[in-house]
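This is what each chain is made of:
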Amino acid sequence: MPIRQLSETMINQIAAGEVIERPASVVKELVENALDAGASRVEIVTAGGGLNLIRVTDDGSGIPEQELALAIARHCTSKLSDSIHDIRSLGFRGEALPSIGSVARLSIRSRTAGGDSAAEIGIDGGRVSAVKPAAANRGTTVEVRDLFFATPARLKFMKGERAESSATSDVVKRIAIAFPAVRFTLAGADRSTLELPATSDTPEGRLARVAQVMGKDFPDNAIAIDAAREGVHLAGHVSIPSYTRANALQQYAYVNGRPVRDKLIAGAIRGAFADVLPRDRHAVTVLFLSLDPSTVDVNVHPAKADVRFRDPGLVRGLIVGAIREALAGAGIRAATTGAAGMMAAFRPGAAPYSHPGPANGHRSYEAAYRASGGFDPLRSAQRPLDMDEARTPRNGFAENEQAAFDTGPLASADVRAGMAEPTEALLGMVLGAARAQVHENYIVAQTRDSLVIVDQHAAHERLVYEALKNALHSRAVPSQMLLLPEIVDLPEEDAERLAMHSETLAKFGLGLERFGPGAVAVRETPSMLGETNVQQLVRDLADEIADNDTVETLKERLDRIAATMACHGSVRSGRLLKAEEMNALLRQMEATPGSGTCNHGRPTYIELKLADIERLFGRR
């Protein structure tokens, strides 16, 4: 077949295959156009999951009548200056509208602020209609019907209506977080209405918008981030370690206001939380990166979902360092959802009746009544506590008189923290004063306004782990010399990268050097690793340096060994603690960063506010 020039419709349909993957992609492009036009209100309406109808209305600057024809032509845009390296808008390619029009029925109705009337233009499967007058308020309304009718094969790859509607909601929420001063509305017959009222473009306003999108629990369980390094500024919020999700869908990242799904940022978040989260849990984050547009390339993906940084190591280091510093500075905090779970576990109601004999009918109760000798008010469990010994002073809880309540062996406090009342100073501490130890594993503490339950093994495990880590990274890691150097064959570029990081690797106990072309010789390995697969370790390090320009793999392996040592060296479950030991453990937890979770990511304590306890008993 000879080489020939493709038709304009075919070119646009090819571009649509890259830009328009599903209805959510259309919504993304149209909403970005509205925001670039300076809109303060964006309304989205869908039907049939977006395949039947997508309508986006804004109150932006509008499109002049004489420019409507250009708006639907390829590579025509008002957002790009003479330099592709200075992109300050969300859109810039000039491909979205012609691509949508080539596979759907598209109409654009727009009116500028100074215009006497509106104008409308349509494009139906690539066929453009003439511009005509229309009635509309200031702004633009873009309507897309019968998406992919011109390319029916694409319809076979669409998911169900509910899945497409969900994807559209996610896109709108993701964009809305970056523009808190804009009001967003998403409605339609295929969904429940989503309304996000405008707040303000301030840190408080952004957090309020985040709460609208992610729920009111997030601000109560979040830590503020604000850090800068070499012209790159990072702001936002991350969840405390005890507030997690089963997937990473609630990790939002923005680069110069643009929502992105970047693997470097995702990897940095994962690395920052590596010590405090279980492997199957994910942090909740909203991070905003601001940097010079010339140092980031947003033109690497047709849908602008990925970006490339000129200095990826700087960006990753800033994210990891800022999050870890924020976690350390936040002190010890428990997730508010833990108290909610505890309240759900406590179901108010009568205690179960545990009569030792059968109780299947009135006769068994009558026999039991007769055998007991009848009703005696002095021995009744319902009598007033001071009925029979009103003149005798009592101490404690009068355990002998409470025997009527006994229905079998019940668990009781293993260790009481003394009968004396705790001092005001202890009650004012974050974890309060230890009052008892129950089931030989849980410390019950009291603060001025809450009840705290601590898992002694998990808490001490975290304390020992942090101490081991500090000792490990405060000096060079001890190494062991190999009897014979291990030669690892690698691609030349991997060998070169390892050689460039040899000084850093030596601090972690791994001594290596170049050994001819395409190989490195390993002469020392960290003593903590014992007998290890040197070949696999070096290859893993080479892969990570190629991806992220870091040597975190080796550090993580050493940290895992320290975690194992901490687990076996900490206070075991079943050990009775004295009151002084319990209070000392609480004070160490308060002074140790990250002590709200153990090495495996499980919470070390749960706090139940006095107000919640009163609510359980119907006092509120």
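Please read all numbers here as calculations on a predicted model, not as lab measurements.

A.B. asks: Talk me through a nonpolar patch on the surface; I want residue IDs and the actual numbers.
C.D. replies: A surface patch of nonpolar side chains, about 250 Å² in accessible area, is lined by Leu 6, Met 10 and Ile 14. Here Ile 14 shows up in helix H1 (residues 8-19).

A.B. asks: Could you give an account of unusual backbone geometry, naming the residues involved and the relevant values?
C.D. replies: In this structure, Asn 256 takes a positive phi of about 50° despite not being glycine. With respect to the element layout, Asn 256 can be found in the loop between strand E13 (251-255) and strand E14 (258-260). Given the relative accessible area of 35%, Asn 256 is considered partly exposed. Of note in this structure, Glu 440 is not a glycine but carries a positive phi near 55°.

A.B. asks: Tell me what's going on with the packing of helix H14 (residues 456-473) against helix H19 (residues 579-591), and back it up with residues and numbers.
C.D. replies: Contact pair H14 / H19: the axes reach a minimum separation of 10 Å and the direction vectors enclose 50°. Classed by the angle they form, the pair H14 and H19 counts as oblique. The chirality of how H14 crosses H19 is left-handed. Residues Gln 456, Ala 459, His 460 and Leu 463 of H14 form the contact with H19, whose own contacting residues are Leu 585, Gln 588 and Met 589. Residue composition of the contact of H14 with H19, grouped by class: four nonpolar, three polar and no charged.

A.B. asks: Give a detailed account of the packing of aromatic side chains, specifying residues and quantitative values.
C.D. replies: The geometry of an aromatic ring pair is captured by two quantities: the separation of the ring centres and the angle between the planes. Applying the stated criterion to the full structure yields one aromatic pair. Its end group placed over the ring of Phe 149, Arg 105 keeps NZ or CZ at 3.9 Å from the ring centre.

Quick notes on the rules
Residues numbered from 1 in each chain as written. Predicted model: local features only at pLDDT ≥ 70, side-chain atom pairs only at ≥ 80, totals over all residues. Heavy atoms only, no water. Patch = residues over 30% accessible without salt bridge, like charges linked within 9 Å, V, L, I, M, F, W, Y side chains within 5 Å. Areas by Shrake-Rupley, 256 points an atom, 1.4 Å probe, with all protein chains shown as cover. Salt bridge = Lys/Arg side-chain N within 4 Å of Asp/Glu carboxyl O. Helix = DSSP H or I, 4+ residues; strand = E, 2+ residues; numbered from the N terminus. Buried < 20%, exposed > 50% of the residue type's maximum accessible area, 1.4 Å probe, protein only. Axes fitted to C-alpha atoms, helices over the stretch in contact; angles between N-to-C directions. Parallel < 35°, antiparallel > 145°, perpendicular 65-115°, else oblique. Left-handed = near helix turned anticlockwise from the far one by under 90°. Contact = heavy atoms within 4.5 Å. Nonpolar A, V, L, I, M, F, W, Y, C, P; charged D, E, K, R; others polar. Phe/Tyr/Trp six-rings, centres within 6.5 Å; stacked < 30°, edge-to-face > 60°. Lys NZ or Arg CZ within 6 Å of the ring centre and 35° of its normal.

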